[in-house]
Amino acid sequence: MKEIVKNKIKNWLVAIDCQETLPNDIVALNFNISEPYELELIGSSWYDEQDPDWACDDDFVPNDCFLPLEEISEEVHWEQVLSMITEILKEIVAENSIKLFNVQHIAVGFVDGDLVIVK
């Protein structure tokens, strides 16, 4: 399942990368996870390690900001989903093929939950 989800996320990001230009003032990206499992991508013009509210500022919202993840059953525990998505994003960042990821900070987390720093 992980490879299927990774390919879907990567294809989504590549499409956004081709269609959108990240404004110069965006320093951080946040991937919000919600249930039923779905990703949302937003960009923020500020980042503060001590203040997770930066992830609430949607200074950049791509046209296709939501990605439904119906491949992940609702019966999969949220902690497993967070772990898998974090791992997938770290792998995609390491591939260095997505221009959007040239920002200084990338985080992921459930809406109203703690953030996990990806980069």
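Up top is the structure.
Note that the structure is a prediction, hence the values are computed from the model and not measured. (Residues numbered from 1 in each chain as written. Predicted model: local features only at pLDDT ≥ 70, side-chain atom pairs only at ≥ 80, totals over all residues. Heavy atoms only, no water.)

Undergrad: What should I look at first to understand the pattern of salt bridges in this one?
TA: When charged atoms on two side chains of opposite charge get close, those side chains can pair. This model, assessed by the stated rule, comprises seven salt bridges. For K8, the salt bridge identified is with E70, shortest N-O distance 2.7 Å. Of this pair, K8 sits in helix α1 (residues 2-19) while E70 sits in the loop between β3 (66-68) and α2 (78-95); the two residues are 62 residues apart in sequence, bridging distant segments of the chain. K8 is the salt-bridge partner of E71, the closest N and O atoms lying 3.0 Å from each other. A residue pair is termed long-range when its members are at least 10 positions apart, and E71 in the loop between β3 and α2 and K8 in helix α1 qualify at 63 residues. Each member of the salt-bridge network shares a partner with another, and the members are K2, K6, K10, E87, E91 and E95. (Salt bridge = Lys/Arg side-chain N within 4 Å of Asp/Glu carboxyl O. Helix = DSSP H or I, 4+ residues; strand = E, 2+ residues; numbered from the N terminus.)

Undergrad: Help me understand the sheet that holds strand β1 (residues 28-34) in this model?
TA: Spatially, the five strands line up as an open sheet ordered β3-β2-β1-β4-β5, and their pairing is mixed. Two strands in the sheet have a free side with no partner beyond their single neighbour: β3 and β5 (116-117). For strand β2 (residues 38-44) and β3, the ladder comprises three bridges, and the chain directions are antiparallel. For E40, the partnering residue across the bridge sits in β3 and is F66. Of the strands in this sheet, β1, β2 and β3 are in contact with α1, which crosses β2 at around 35°. (Pairing = 2+ DSSP bridges. Contact = heavy atoms within 4.5 Å. Axes fitted to C-alpha atoms, helices over the stretch in contact; angles between N-to-C directions.)

Undergrad: Just to check I follow, could you spell out the nonpolar core for this structure?
TA: Generally speaking, nonpolar side chains in soluble globular proteins are found buried as a group. Counting 33 residues, the largest nonpolar core has I9, L13, F31 and F101 as its most contacted members. Those elements that place two or more of their residues in this core are α1, β1, β2, α2 and β4 (105-110). Looking at which element gives the most residues to this core, the answer is α2, with eight residues. The contacts of L13, once residues within four sequence positions are left out, are F31, L41, L89, I92, I98, L100 and F101. (Core = buried A, V, L, I, M, F, W, Y, C linked by side-chain atoms within 4.5 Å. Buried < 20%, exposed > 50% of the residue type's maximum accessible area, 1.4 Å probe, protein only.)

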